[in-house]
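Breakdown of the fold
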Amino acid sequence: MESISEMPAGDCPGEDSSDMDLSHRFSRRELNLLYEEVLYTILHRQGKPKPAYDADTNELYEYVQKAFSMDPEEHHVILQRVRELEKPIFCLKVTVKQAKDILGKDVSGFSDPYCLLGIESKRQEPSSDSSFHPENKKPLKAVVKDMIPEDQTHRTQVINQTLTPVWNETFILEFDDEANSSFHLDMWDLDMEESMRQKLGELTDLHGLKRMFKDARKDKGQDDFLGNLVLRLQDLHCRTDEWYDLEPRTETHPNRGQCHLQFLMTHKKRATSLSKTQPSYTIHRHLLQQMVLYEILQHQAGSTSWDGKLSKHARTILYLHAAQKDLSDFHQVMAQWLAYSKLYQSLEFNCTCLLHQITSIEYQWVQERLRAEQKAELAESFQSLLAYGISLLRKYRIVFPLSDPESTNRLQLLLRVLVQMCKMKAFQELCTLTSNLQQMVMEAVKSGTTEWFCMQKQHLKPMTMEENGKALVKLLVEVNEDLKQCHKTWNKFFSNTVKVELFFITYLELQELVSCHVKEELSEIDSSMSQLTAESLFQLYISLKELYRMKSFLFKRDGSLALTDFHQWFKEAIPKWLQKTYMIALERTQRAIQVDQLMPLGELNKHSTSTVDLSTCYAQIVKTWQQLDWPDPEEAFMIMVKFVEDMCKIALAYCKLIKTRADELSSKQRDEGDAANRLCIVVNNVKQLRLLILKLPDQLEWKHLEQRMEGIIEPEQIQHTLHNQLQGTTTCLDHEIRDVVQNLAKKLDAGISRHIQKLAACSDSKDPEDSIIPLMKFLESELQYMNQHLVQENFNCLLELLWNHILNELTAAANQQQNSSRYYRKLQFALQNLELCFHAEGCGLSTGALHTPAFMDLEEGLKLRSTTSRKLIQSYFSRRIQEQLETSSEKYGAVTIKALYRPSEQKLRVEVLNAVNLIPLDSNGSSDPFVQLTLEPRHEFPEVVARTTQCWKNELHPLFDEAFEFLVPPEKCQQDGACLLLTVLDHDMVGANELEGEAFFPLCNVPGLTGDEEAADPAQVSQTRLPLMHPKPTGNPLLKLLESRKGDKEAQAFVKLRKQRAKQSKESV
């Protein structure tokens, strides 16, 4: 019979399976003969159906009619012919395997069992004999020797002295009528004549003695009955393998043990043409092949994949045929393997069943059980499936596409089948010349990769030179995607199953092929390449870099790759790449500014749309640098310099264009508020641009580049080239920001000046709080508006400019000649409130930014101008007291005193002890010193008159030793500036007395002032040495302020006195 492998070319299984026409698999004559065989099998089926094979005969006829594509007329003709054929000889193949727990009939307690078996055939109705009725549980008492003729009785060997005999003997029992036939088996204990001495020697217990007496009563040489078994053939399955209970003839010993029997209902002399001409094994394989083919195509017609499991009807037919032809399990598995492995090579189905068959063949493999032609057939099936499997692996990308969710499982199963098949003893013994599977898979993968690459290259072959670059990019995309799939998905299946590193082989092969092809194609591109070609080459470079990076997935290997130094192939294209990157960014920036309406993007975002586009442009340049990742450090540095230069140029161009755009929009809409708003957006945009520029060192990974440049370029050169360039750009941006903010500030300066002028001009009698309301409302309105439209840093910058302008305006107002302290208090109140306004509880300018030298001077000046003359005088003496405390030099001499306060008398007692180191003021080189004592300020001590010591003639170290008492309340002594002024004068007979020096002794620390009488004890009070001082030649600001108050007589008198002292000062010399 013609097998599937002998099909004509073009008759591939699966083509036009919709009509389920299977006639082209075999010739019509061969198909009819095979159909005859299967109908004969169904017609003469035997045995009770098992649940797994319980199919009605008509259903089986209907199934095979479809499986063999027989029309009803053909089916009836062949079926009629089969019915007319001679029936086969029905046989029951019985294997008596073993028994257990049988009776021990001998004196030794054991038996010598053997079996008699045969088939009894009776022509009678089942109801006439109650012994055959299923409900009748009584055992049949007749024995084989009484019921079955001797020539039809079969006997096993005798197994001596055992209760668990093992026979494993097979007998063929023929019968005519299954319904009226029964199988009989008797088990007997062989009894041989033995002497009394022998029996006594075997005696072991009391039961043995009883058996010996019983043997004495029976006939010599008579065998003992052990049990029997009667089974109706129609109750047996086609194949049966079970343990059966042995039945007694009497109820004396009901438990007779069990016997293990195996039944198989077979045929002899089948009348079909194939049974007469071909081996049973071959017929069974062809029958299996036809049914499997039908099952596969039936699933394909329903758009489902066959899982390798036959339908119930197919299993039943094959089960019956194998039993009737007496095919062993091994030959059945072999037939399945040959059929399935052949069909797998032409039809798609789950090959799990092949694994089951491999396991069964391996388990049952005995080479000697096969004839030479069967060995050759099995070897050919191994070789054929191996070659087919290798061919699939060579084309695994096409055969197992990842678009099919079942592809990975199918590939894994194929690999397992090939591995398990090559490990089989049958394969190794029959296919001794076959190459190692691992080597075959490696060669298949390598050659398949080359074929796939050539196919992709041909498919993407460019038509023109301009398309050449694009074609190379598309090819590299395919290669990289293939390698990703290989590494992520396919490699683990090959590695785990066949121990082949798929990715390693594929990567090495593809990188070699890609390298050769790309270098060949690039050599054809002229050095004056077009910009379009250069762009394609950049994408090609990126794809090659991605391919080269995949080398990290390789395990350790020696030698370099063909792709090593591939970047050198693209050096000529770099200038065009950089220029294209710059032009794209610049053009996009220009377009973004042209459509920018300079409106904030949202409530929380105070920039306009162009900053988003600009940020995207910078991000794209950074991405280009990262994609380029040029391996050569020195060349990479030059590329970086160009990138930074271009980004700085774009930044400066943006500043210019965005300011022009603001002017353009403002010229169309002359609303001052809108113009200010646009300026706010401009300064915010520029500030955002500055932040983008400052992020470049991190984004472009300058530190990493500097590490790579170590030993190649000096750090100073890097600093000079990159950092200075960036710093210069940020300086320009800061200047731009300052200019715009200054423009904003100028728009507010006029309003601020106007309101401060009004504040200065308003009546001094008006409440200061009411006077500053217009100014504060103006600032609140304008600053709130600016705060809404400026980012915080720019807003703070604006506040600084406005603050400085306010200080200048208030200083100018304060410098106006005004005698009223109320005027200055008004300005002081305004300054205090403006400070709070600009600080805004920490949300505005910091205290450090507010308290500038100009502010400190203005604050101090206003504080002094708003103060009364008496307070100013007190401040004057407070400063002189502080100056006294800080003075240690005695270049004008010193005066020593003791001072205490007697609380009980409210008297201040001062002892002037001496003066030393006075300067000579007379022409004789000496002086006539005396000391004048006054309590200052005079307005605090109006009733206290000045006191004077005696005058010492021609003495520079006078010893006065005089005491003075002043009646003053203690609280007066504790006032600010309260002091004892000791003025040392040189008495002059002709002109005015000359100044030797003056000292200021603070009264607040006089002992006894706090009411402690003990502290006022003269013996306990220490001396105080006071260095003499002269007034400073530069005019004291307090005195100048007091002098400006022309209408204040007290102030004028005080200033006049101090001026006299200043004229006498030696500091003015």
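Use the structure listed above.
To keep things clear, this report deals only with the structure shown in the data block. Given the structure is predicted, the values throughout are model-derived calculations rather than measurements.

**Quick look at the sheet that holds strand S12 (residues 947-948)**
- Across the sheet, 4 strands lie side by side as S12-S11-S14-S15; this open sheet has antiparallel pairing. Edge positions in the open sheet fall to S12 and strand S15 (994-1002), since each of these has one partner strand only.
- Summarising the sheet, strand S14 (residues 979-986) and S15 pair through 8 bridges and their orientation is antiparallel. Bridged to Asp-986 within S15 is Glu-994.
- Sheet strands touched by helix H32 (residues 869-886): strand S11 (929-936), S14 and S15. Its angle to S15, the strand with the most contacts, is close to 95°.
- Seen against the sheet, helix H35 (residues 1049-1064) touches S11, S14 and S15 and runs at an angle of roughly 125° to S15.

**Here's the deal with the pattern of salt bridges**
- Scanning the entire structure with this criterion turns up 35 salt bridges.
- Between Asp-629 and Arg-549 there is a salt bridge, and its shortest N-O distance comes to 3.1 Å. Taken together, the positions of Asp-629 in the loop between helix H21 (609-628) and helix H22 (633-668) and Arg-549 in helix H19 (residues 531-549) put the pair 80 residues apart, joining distant regions of the chain.
- Of the residues examined, Asp-629 reaches a relative accessible area of 35% and is grouped as partly exposed.
- For Arg-549, a relative accessible area of 46% gives the class partly exposed.
- Each of Arg-902, Glu-905, Lys-907, Arg-909, Glu-911 and Glu-965 takes part in a single network of salt bridges with overlapping partners.

**A closer look at the packing of helix H10 (residues 329-344) against helix H12 (residues 372-394)**
- Between H10 and H12, the shortest axis-to-axis distance is 10 Å and the interhelical angle comes to 35°. As for how H10 packs across H12, the hand of that crossing is left-handed. Here His-331, Met-334, Trp-337, Leu-338, Ser-341, Lys-342 and Tyr-344 of H10 lie close against H12, whose contacting residues are Gln-374, Glu-377, Leu-378, Glu-380, Ser-381, Phe-382, Ser-384, Leu-385, Tyr-388 and Leu-392.

**Thoughts on the packing of helix H25 (residues 715-761) against helix H27 (residues 773-789)**
- Where H25 meets H27, the closest approach of the two axes is 9 Å, and the angle between their N-to-C directions is 165°. Taken together, H25 and H27 sit at an angle that is classed as roughly antiparallel. In terms of crossing hand, the pair formed by H25 and H27 is right-handed. For the pair H25 and H27, contact is made by Leu-744, Leu-748, Gly-751, Ile-752, His-755 and Ile-756 and by Pro-774, Leu-775, Phe-778, Leu-779, Glu-782 and Met-786, respectively.

**As for unusual backbone geometry**
- The linkage connecting Glu-936 with the following residue, Pro-937, adopts the cis geometry, with an omega of -5°.
- The backbone of Asp-101 sits at a positive phi, close to 60°, despite the residue not being glycine.
- For Asp-101, the location among the structural elements is in the loop between strand S1 (89-100) and strand S2 (113-121).
- Classification of Asp-101 by relative accessible area gives exposed; the value is 56%.

**Observations regarding the sheet that holds strand S5 (residues 181-189)**
- If you trace the 4 strands from one edge of the open sheet to the other, you get S3-S2-S5-S6, paired in antiparallel fashion. Here the strands that pair on one side only, and so sit at the sheet edges, are strand S3 (154-155) and strand S6 (224-232).
- In the sheet, S2 pairs with S3 via 2 bridges, with the strands oriented antiparallel. Its bridge partner lying in S3, Leu-116 is registered against Arg-155.

Calculation rules
- Residues numbered from 1 in each chain as written.
- Predicted model: local features only at pLDDT ≥ 70, side-chain atom pairs only at ≥ 80, totals over all residues.
- Heavy atoms only, no water.
- Pairing = 2+ DSSP bridges.
- Helix = DSSP H or I, 4+ residues; strand = E, 2+ residues; numbered from the N terminus.
- Contact = heavy atoms within 4.5 Å.
- Axes fitted to C-alpha atoms, helices over the stretch in contact; angles between N-to-C directions.
- Salt bridge = Lys/Arg side-chain N within 4 Å of Asp/Glu carboxyl O.
- Buried < 20%, exposed > 50% of the residue type's maximum accessible area, 1.4 Å probe, protein only.
- Left-handed = near helix turned anticlockwise from the far one by under 90°.
- Parallel < 35°, antiparallel > 145°, perpendicular 65-115°, else oblique.

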